[in-house]
Amino acid sequence: MKQGGNVAVIEMFNGGSHAQFLSYLREIMPGAHYLMLSGKKWHWNARCGTLQILPQLAALPPAVDTVFMTAVGNLPEVIGLSPSALARARKIVYFHENQLVYPNQKNKERDYQYGYNQVVSAIAADCILFNSCFNMESFYGAVPSYVNRIPGFTCPANLISVLREKSSVLYYPVSLPPSITSPDFEQPQPASSDRTRIRILWPHRWEHDKNPEMFFGCIKVLLDENLDFEISVLGQPYSELPEVMATALKTIPPSRIVQWGRLEDRDSYLDHIGTCDVVISTARHEFFGVAVMEAVARGCFPLLPNRLSYPEIYPRECLYNTEVQLVKQLRQLCKNPSLARKKWKRVVELISFERFSWEKLKPYYCRLLGVYKD
């Protein structure tokens, strides 16, 4: 049997960081059975994904004794509609994010099903993995009040303790430049060494939970003050473009925009973020932050909210509490571009990149999934 031939990997949303995560699993388990839906129509996939993969479930061989599923779909549904042998399989659920604390859009009520899927999937799993401590703690902190919204139901007193007993944190693996995890690490050539203006990077999904309104609000302040800078706006656009982004594209002078939109080629993307000086997050909803970490590893000084997963990973110097504080730091960097590199040099020594490296994490994933390299 090929490596991983006894494992079924189920991903209801094969896009963005989820797709990147699968590429790592394929490396160690080329023979696994991958049941995937596209990286589009997340809401439909989360609600109805089990029905869509039903033919693939029926075709799984009896040798499958491990199920590895990300927490987008509904694990009990998957098991209930699968061949009976799968009910006896070891079931692992990996939480890239949790929907219980997802920030609602203004005047919109969040579909209860998304969080419900994750709660019942955790109950049905034999092993629950989270990509950060913040993800795990925010999930378990929210479960009681979330399930108590069900009319006439009260969360069992021991539910959280039972779930915690089978839970752990296994960081999302990131492909980092070999130099950044080396004891002989040397700083790369400063991105701004041949420029007189700072280059600001915003590399996030173009959706409301990444709070583009705050980012472009800060950019407007810098423009109004006639400060010298340029921006790269990367990330994944979706069918519903936030209004602030359409407005920004019309109002920001083209001479200030280096890149607007996703770079499809992975190598081109990594090369481009390596030309930037500062990476910004204004997120309301973040449980790890792959794009930020990739940018920091390639020379960007991070400016991040002092909440979510960021304080777990980054030192205090990188964190801001308010939009006013973010603007103040950006103003300082615009006036003195070389300061970004000096700040980056200080903070990068405080971040233990190795603990997030795929090369470091690979043995843990191999043991988890029963895959042993020759």
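Notes on the structure follow.

What counts and what doesn't
Residues numbered from 1 in each chain as written. Predicted model: local features only at pLDDT ≥ 70, side-chain atom pairs only at ≥ 80, totals over all residues. Heavy atoms only, no water. Helix = DSSP H or I, 4+ residues; strand = E, 2+ residues; numbered from the N terminus. Rg over C-alpha atoms; globule rule 2.2 N^0.38 Å. Buried < 20%, exposed > 50% of the residue type's maximum accessible area, 1.4 Å probe, protein only. Contact = heavy atoms within 4.5 Å. Areas by Shrake-Rupley, 256 points an atom, 1.4 Å probe, with all protein chains shown as cover. Lys, Arg positive; Asp, Glu negative; His and termini not counted. Charge placed at Lys NZ, Arg CZ, Asp CG, Glu CD. Salt bridge = Lys/Arg side-chain N within 4 Å of Asp/Glu carboxyl O. Pairing = 2+ DSSP bridges. Axes fitted to C-alpha atoms, helices over the stretch in contact; angles between N-to-C directions. Phe/Tyr/Trp six-rings, centres within 6.5 Å; stacked < 30°, edge-to-face > 60°. Lys NZ or Arg CZ within 6 Å of the ring centre and 35° of its normal. Patch = residues over 30% accessible without salt bridge, like charges linked within 9 Å, V, L, I, M, F, W, Y side chains within 5 Å.

1. Some details on the overall build of the protein
Tallying secondary structure elements over the protein gives 15 helices and 12 strands in all. In terms of C-alpha radius of gyration, the protein reaches 22 Å, essentially the compact-globule figure of 21 Å for 374 residues. Dimensions along the principal axes, computed over C-alpha positions, put the protein at roughly 65 × 55 × 35 Å. A buried classification covers 55% of the 374 residues belonging to the protein. Of all intrachain contacts in the protein linking residues separated by at least 6 positions in sequence, the fraction that spans at least 24 positions is 77%. Of the roughly 16800 Å² of accessible surface on the protein, a fraction of 52% belongs to carbon and sulfur atoms. A distance of 2 Å separates the average location of the 41 positive side-chain charges in the protein from that of its 36 negative side-chain charges.

2. Things to note about the pattern of salt bridges
One pass over the structure, following the stated rule, counts 17 salt bridges. Arg-266 serves as the salt-bridge partner of Glu-294, at 2.4 Å between the closest nitrogen and oxygen. Here the residue Glu-294 occupies a position in helix H11 (residues 290–297), and Arg-266 occupies one in helix H10 (residues 266–273), the gap between them amounting to 28 residues.

3. Some remarks on the sheet that holds strand S9 (residues 257–260)
Pairing between sheet strands relies on hydrogen bonds along the backbone, with the strands arranged either parallel or antiparallel. Within the open sheet, the 6 strands sit side by side as S9-S8-S7-S10-S11-S12. Their pairing is parallel. The sheet is open, and its two borders are formed by S9 and strand S12 (319–320), each paired with just one other strand. One ladder, built from 3 bridges, connects strand S10 (residues 278–280) with strand S11 (residues 301–305); its direction is parallel. Residue pairing across strands places Val-279 opposite Pro-302, the latter belonging to S11. Where helix H8 (residues 212–224) meets the sheet, it contacts strand S7 (198–202), strand S8 (229–233), S9, S10 and S12, and its direction lies at approximately 160° from that of S8.

4. Structural notes on the sheet that holds strand S2 (residues 33–38)
One open sheet holds the 6 strands; their spatial order is S2-S1-S3-S4-S5-S6, and the pairing between them is parallel. Unpaired on one side and paired on the other, S2 and strand S6 (167–169) mark the two borders of the sheet. On average, adjacent strands in this sheet sit at an angle of 15° to one another, irrespective of strand direction. Here strand S1 (residues 7–14) pairs with strand S3 (residues 66–70) via 4 bridges, running parallel. Looking at S3, one finds that Ile-10 is bridged to Met-69. Across the sheet, helix H1 (residues 16–28) is in contact with S1, S2, S3 and strand S4 (90–95); its angle to S1 comes to roughly 160°.

5. Looking at the packing of aromatic side chains
For the structure on display, the rule yields 26 aromatic pairs. Judged by centre distance (4.9 Å) and plane angle (65°), the rings of Trp-42 and Tyr-114 are edge-to-face. Placement of the pair is Trp-42 in helix H2 (residues 42–52) and Tyr-114 in helix H5 (residues 112–124), with a sequence separation of 72 residues. As far as burial versus exposure is concerned, Trp-42 and Tyr-114 are alike and both buried. Centroid distance Trp-358 to Tyr-365: 5.8 Å. Interplanar angle 55°. Geometry classified as tilted. Through a chain of ring-to-ring contacts, three or more aromatic side chains come together here, namely Phe-21, Tyr-24, Phe-68, Tyr-94, Tyr-171, Tyr-172, Phe-288, Phe-356, Trp-358 and Tyr-365. Its guanidinium or amino end placed over the ring of Tyr-146, Arg-149 lies 5.2 Å from that ring's centre, counting from NZ or CZ. Taking the ring centre of Phe-229 as reference, the NZ or CZ of Arg-256 above it sits at 4.9 Å.

6. Let's talk about a nonpolar patch on the surface
On the surface, Tyr-116, Ile-150 and Phe-153 cluster together to form a nonpolar patch covering roughly 240 Å² of accessible area. Within the secondary structure, Ile-150 is located in the loop between helix H6 (133–147) and helix H7 (159–165).

7. Overview of the side chain of Asn-117
For Asn-117, the location among the structural elements is in helix H5. Owing to a relative accessible area of 1%, Asn-117 belongs among the buried residues under this scheme. Apart from residues lying up to four places away in sequence, Asn-117 is in contact with Ala-46, Val-72, Gly-73 and Asn-74.

8. Focus: unusual backbone geometry
Even without being glycine, Lys-41 reaches a positive phi, approximately 55°. For Lys-41, the position within the fold is in the loop between S2 and H2. The exposure class of Lys-41 is exposed, given its relative accessible area of 61%. Even without being glycine, Asn-226 reaches a positive phi, approximately 60°. The topology assignment puts Asn-226 in the loop between H8 and S8.

None of this, on its own, says anything about what the molecule does.
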